[in-house]
Amino acid sequence: MKSEKNILIAFILNLFFSIFEFFGGFFTKSIAIMSDAIHDMGDAVTILVSYFLERKSKRNPDDKYTFGYLRYSVLGAFITTMVLTIGSSLVIISSVVRIIHPVQINYNGMIGFAIFGTVINFLAAYLTKDGDSLNQKAVNLHMLEDVLGWVVVLIGSIVMKFTQINIIDSIMSISVAIFILVNCIKNIKEVLDLFLEKTPANISILELKEHILSIKGVKGVHHIHVWGIDEANLLATMHIITDEIDLDLIKDKVRKEMNEHGIIHVTIEIENSKSVCSSEECHMEQNSKKGHKHSH
């Protein structure tokens, strides 16, 4: 609830500040400020979307969403990051146009707006810093980007005031936009990995097999699948080969081992050494082993 409330506060701060920025960009004739105004308005909209998706992600599992609504939070991260990507790209285009067609800038006005902008956005970044989900991290990236952007604008406006080199305004905008695009690419990759159910980066299937096979009574393990509902909730399924009588004990040991790897939900199918798995993957694995034996 605290994280949701902080996201809502960040939305209100961004909305009112973006309106303030539009006037500031018009008054100072700064492309950096005007671009950030457009960017912050987009931030405000996506933060509001993120707020509602974050709330929905907290709902309990039901008949329609048996694993729960956690991926609504991931969806919020995707939307937020895509808006950031588009916004940053537009800033780069606007900055290049300004380099080609420079205008006179009100340096003192820029300095004043930059100080105010740094303070407001630092407050918003502080309020969203404790989020654990990709969605909350994406929102915080928005806020940190704005802080960085305004610090750069402040430094640049002071330099321009004494050097009269107006091109610095556009160079600042391009630098911040490129920095954000790099982080956006990382975020998008994380989101896509989750939706494509890729094995989480911190999980090694080979290592899991070794640990499971070290459990007394386990003769084999195959058909291991590990994926994440979101970045914090990992699930796994697997086939365990054992001839032990106490199957519940074997399952408990396997689940305990998986929990140590951060996997919270494990579905286990038990087979004995004489049973034939119906899975195509298992057949391929068994044929591979037979071929390996014949080669010797």
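Preceding this paragraph is the structure being described.
Residues numbered from 1 in each chain as written. Predicted model: local features only at pLDDT ≥ 70, side-chain atom pairs only at ≥ 80, totals over all residues. Heavy atoms only, no water.

### Quick notes on the sheet that holds strand 3 (residues 263-271)
Pairing in this open sheet of three strands is mixed, and the strands run 1-2-3 from one edge to the other. Two strands lie at the open edges of the sheet, namely strand 1 (218-228) and strand 3, each paired on one side alone. Each adjacent strand pair in this sheet contributes to an overall mean axis angle of 20°, direction not counted. Across eight bridges, strand 2 (residues 234-242) lies against strand 3 in parallel orientation. Of the residues in strand 3, the one forming a bridge with Met238 is Ile268. (Pairing = 2+ DSSP bridges. Helix = DSSP H or I, 4+ residues; strand = E, 2+ residues; numbered from the N terminus. Axes fitted to C-alpha atoms, helices over the stretch in contact; angles between N-to-C directions.)

### Looking at the packing of aromatic side chains
A complete count under the given rule lists four aromatic pairs for this structure. Each ring, one from Tyr65 and one from Tyr69, has its centre 4.4 Å from the other, and the planes form 35°; the classification is tilted. These aromatic residues form a ring-pair network of at least three members: Tyr65, Tyr69 and Tyr72. Just above the ring of Tyr72 sits the side chain of Lys56; from NZ or CZ to the centre is 5.1 Å. When the ring centre of Tyr69 is taken as reference, the NZ or CZ atom of Arg59 above it lies at 4.5 Å. (Phe/Tyr/Trp six-rings, centres within 6.5 Å; stacked < 30°, edge-to-face > 60°. Lys NZ or Arg CZ within 6 Å of the ring centre and 35° of its normal.)

### Remarks on the packing of helix 3 (residues 71-100) against helix 6 (residues 167-195)
Contact pair helix 3 / helix 6: the axes reach a minimum separation of 8 Å and the direction vectors enclose 155°. Judged by the inter-axis angle, helix 3 sits roughly antiparallel to helix 6. In this structure, the crossing between helix 3 and helix 6 has a hand that is left-handed. In terms of residue class, the contact of helix 3 with helix 6 is built from 21 nonpolar, eight polar and three charged. (Parallel < 35°, antiparallel > 145°, perpendicular 65-115°, else oblique. Left-handed = near helix turned anticlockwise from the far one by under 90°. Nonpolar A, V, L, I, M, F, W, Y, C, P; charged D, E, K, R; others polar.)

### Topic: a nonpolar patch on the surface
A cluster of nonpolar side chains, namely Val96, Ile99, Ile100, Ile165, Ile167 and Ile171, defines an oily patch on the protein surface of about 480 Å² accessible area. Contributing elements (two or more residues each) for the nonpolar patch: helix 3 and helix 6. Broken down by element, the residue count for the nonpolar patch peaks at three residues, all from helix 3. One can find Ile171 in helix 6. The class for Ile171 is partly exposed, based on a relative accessible area of 41%. (Patch = residues over 30% accessible without salt bridge, like charges linked within 9 Å, V, L, I, M, F, W, Y side chains within 5 Å. Areas by Shrake-Rupley, 256 points an atom, 1.4 Å probe, with all protein chains shown as cover. Salt bridge = Lys/Arg side-chain N within 4 Å of Asp/Glu carboxyl O. Buried < 20%, exposed > 50% of the residue type's maximum accessible area, 1.4 Å probe, protein only.)

### A word on unusual backbone geometry
For Gln164, which is not glycine, the phi dihedral falls at a positive 65°. Owing to a relative accessible area of 48%, Gln164 belongs among the partly exposed residues under this scheme. Of note in the backbone geometry, Glu197 takes a positive phi value of approximately 55° without being a glycine. Relative to the helices and strands, Glu197 resides in the loop between helix 6 and helix 7 (205-213).

### Here's the deal with the pattern of salt bridges
Considering all chains together, one arrives at two salt bridges under this definition. For Asp193, the salt bridge is made with Lys189, and the minimal N-O distance between the two is 3.0 Å. Remark: Lys189 and Asp193 occur in helix 6; sequence separation between them is four residues, near one turn of the helix. The closest approach of N and O atoms between Asp243 and Lys219, which form a salt bridge, is 2.7 Å. With Asp243 in the loop between strand 2 and helix 8 (247-260) and Lys219 in strand 1, the pair connects residues that are 24 residues apart, well separated along the chain. Assessed through its relative accessible area of 56%, Lys219 is described here as exposed.

### Things to note about the pairing of strand 2
Among the nine residues in strand 2, eight count as buried, and that is most of the element. The turn linking strand 1 back onto strand 2 is made up of five residues.

### Comments concerning the environment of Ile167
Positionally, Ile167 belongs in helix 6. Exposure remark for Ile167: the relative accessible area of 39% places this residue in the partly exposed category. Put simply, Ile167 and Gly156 are eleven residues apart on the chain and 9.9 Å apart in space, counted from C-alpha to C-alpha.

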